[in-house]
Amino acid sequence: IVQYDQVDLYVEQTNPENPRQYLYQDDWLDMETERESINVKGEGPVEVELKFTRHGPIIWEDPKNHRVVAVRWVGMEPGTAGYLGSLAMDRVQDWDGFVAAMSRWKIPAENIVYADIDGDIGWIPAGLMPIRDNWLGLLPIPGHTAEYEWTGFRTVDELPRVKNPAEHFVATSNHNILPRDYPFDLGFDWTPPYRFLRVHEVLAQGRKFTIEDFKKLQHDETSLPARRLIEMLRNLPTEGSEDFQTARQILEEWDKVMARDSQAAALYEVWQEETIVPEFVATQLPEEARELVAQNIELPTLFDLIDALPSGSRNQVLSRSLEKAFSRTKELLGNDPKAWRWGSIHKAHFTHPLAS
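From a predicted model like this one, the values you see are computed outputs, not experimental measurements. (Residues numbered from 1 in each chain as written. Predicted model: local features only at pLDDT ≥ 70, side-chain atom pairs only at ≥ 80, totals over all residues. Heavy atoms only, no water.)

Peer 1: Help me understand the pairing of strand 8 (residues 110-115) in this model?
Peer 2: Two strands pair when backbone bridges link them, and strand 8 and strand 9 (residues 121-126) are joined in this way by six bridges, in the antiparallel orientation. By the bridge assignment, I112 is partnered in strand 9 with I124. Where strand 8 hands over to strand 9, the hairpin turn is made up of five residues, of which G119 adopts a positive phi near 95 degrees. (Pairing = 2+ DSSP bridges. Helix = DSSP H or I, 4+ residues; strand = E, 2+ residues; numbered from the N terminus.)

Set out below in C-alpha cells:
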C-alpha cells in the first residue's frame, strides 16, 4: 500500500429553516437521501436515513450549530471498484503497456513493481490522486465555497516512477516514496522506513540471489531500530547501577536479531515498547503535550529527538529508561537474565470469533 491522501472532509453549513438543505456558493441545495433497513438480532428491522451532499455521505451532524461533515473519497469516482485496474495490468506485455495500465489503477493506491523477460524492471506507486490547488488536505475544509474543490487527478506521468535503476533492484515497503525534489503533495502519513532499509541493505550486496535467499529475507528478524538505539548507549558514561550495567552489556553484545530464543531481544523490546517513551515525555516535554506525544510518536522521530538532547538529558533518558526496562523484564521473565527469552513474551493468540 502507498499512503496517498485520497480523502477529504467537508464541513457543510445547513439551512436553519430546513436542515435538509446545505449551502453551496449562494444557493441552498437539497441533500440527497436514501433509506435502508438494518436487521438487528433480537429486534425488528431498524430504518435508517442516509444523507448526501455534493461532496459525499454525511458522517457527522451538529444541528445546534447548523453544520454537517461530508466525506469525499476517490473511491466514489466512476471506475474505482477496488482492484479494477488489475484487468488492464493482467494484459501488460512491456514497460510502455505497464505505464498505460497504471493510468487505470485507481484504488487502493499501491506500490506496483514491474519485471519482464527482457530484463527490464521498474516501479510506479499507482492510484487516483486528487489535485488540491490551494490546500493540503490535512484538515477539514469549508464545503460552501468552490475554493476547495478537487480540480482533477494526477496523471500517471505526474506520479513518481523508477525504470532500470543503476543499483539493479527496486525495494518498497510502505515507506515514504516521495523523491527529495518531488513537486506535489501526495501523502503525509508514511510507515517508518525500517523494512525498506533492511531490504535495501540486503539487496545492495550486489550478488546473485536464490529463492532460499528470498525466503530468508522474508523471515528476516534483524532490527534496525535496535541498532540505532543501542548505538546511543556507547556514548554514555561507564558508571551506573548494577542493573543498568548488566542491561547495557547484554544489549551491546547482542547481534540485534529478534530471534525467539534471544535474551537481549526480550530486554530491548521491553525497553522500546514500555519504558523509553514514558521516560522521554515525562522529563523532556511540557505536561500538556505528554499524552498526545506518547500516543503518537514513531520511533524515527523519537530517536531523532533523543539524539538532539543535550548530553546530560540524553544520558538520563537512556540510562533511566533502560534501568526501568531491566526491572520490568525481571517482572515478566524472572530474576535470572540468562533465562530470558523473547519468544516467552512475544506471542500471538488466535481466538475464534465464536469463542466468546
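Peer 1: What's the story with a nonpolar patch on the surface in this structure? I'm lost.
Peer 2: Taken together, the side chains of L136, L138, L139 and F188 make up a nonpolar region of the molecular surface, amounting to roughly 400 Å² of accessible area. Tracing the backbone shows F188 in the loop between strand 11 (162-163) and helix 3 (194-203). For F188, a relative accessible area of 35% translates into the label partly exposed. (Patch = residues over 30% accessible without salt bridge, like charges linked within 9 Å, V, L, I, M, F, W, Y side chains within 5 Å. Areas by Shrake-Rupley, 256 points an atom, 1.4 Å probe, with all protein chains shown as cover. Salt bridge = Lys/Arg side-chain N within 4 Å of Asp/Glu carboxyl O. Buried < 20%, exposed > 50% of the residue type's maximum accessible area, 1.4 Å probe, protein only.)

Peer 1: I'm lost on the side chain of N111 in this one. Help?
Peer 2: On the secondary structure map, N111 appears in strand 8. The class of N111 is buried, set by a relative accessible area of 15%. Among the polar contacts made by the side chain of N111, one reaches the side chain of T172 at a distance of 3.3 Å. Ignoring any residue separated from it by four or fewer positions in sequence, one finds N111 in contact with I1, V2, W123, I124, P125, T172, N174 and I177. (Polar contact = N/O pair within 3.5 Å; in protein donor to acceptor, adjacent residues only side chain to side chain. Contact = heavy atoms within 4.5 Å.)

Peer 1: Teacher, can you tell me more about a negative patch on the surface here?
Peer 2: Residues E32, E34, E36 and E47 make up a contiguous surface patch of negative charge. For the negative patch, the element with the most residues is strand 4 (residues 32-38), which contributes three residues. Its location among the elements puts E47 in strand 5 (residues 46-53). (Lys, Arg positive; Asp, Glu negative; His and termini not counted. Charge placed at Lys NZ, Arg CZ, Asp CG, Glu CD.)

Peer 1: Please explain the nonpolar core as it appears in this structure.
Peer 2: The tendency in soluble globular proteins is for nonpolar side chains to be buried as a group. The biggest cluster of nonpolar side chains holds 38 residues, and the ones touching the most others in it are L251, W254, W271, I276 and L318. Breaking this core down by element, the ones donating at least two residues are helix 5 (224-233), helix 6 (242-252), helix 7 (263-284), helix 9 (299-307) and helix 10 (311-333). By residue number, the principal contributor to this core is helix 7, which donates 11 residues. Sequence-distant contacts of I276, defined by excluding residues within four places in its chain, comprise L229, W271, L302, I306, V317, L318 and S321. Residues V99, A101, M102 and I124 belong to the second largest nonpolar core, which totals 12 residues. (Core = buried A, V, L, I, M, F, W, Y, C linked by side-chain atoms within 4.5 Å.)

Peer 1: How should I be thinking about the pattern of salt bridges in this particular structure?
Peer 2: When their charged atoms lie close together, side chains carrying opposite charge are able to pair. Evaluation of the coordinates by the stated rule reveals 25 salt bridges. Here D8 ties to R132 by a salt bridge, and the two come within 2.7 Å at their closest N and O atoms. Note that D8 is positioned in strand 1 (residues 7-15) and R132 in the loop between strand 9 and strand 10 (141-142), a separation of 124 residues in sequence. R132 matches D8 in its accessibility class, with the two residues each being buried. A salt bridge links E201 to R198; its shortest N-O distance comes to 2.3 Å. A residue pair is termed a helical-turn pair when its members lie 3 or 4 positions apart in one helix, as E201 and R198 do in helix 3 at three residues. Via salt bridges that share partners, R54, R72, E77 and E149 belong to a single interconnected network.

Peer 1: What's the story with the environment of L197 in this structure? I'm lost.
Peer 2: Among the structural elements, L197 can be located in helix 3. Put simply, L197 and E12 are 185 residues apart on the chain and 43 Å apart in space, counted from C-alpha to C-alpha.

All quantities given are derived from atomic positions and should not be read as evidence of function.
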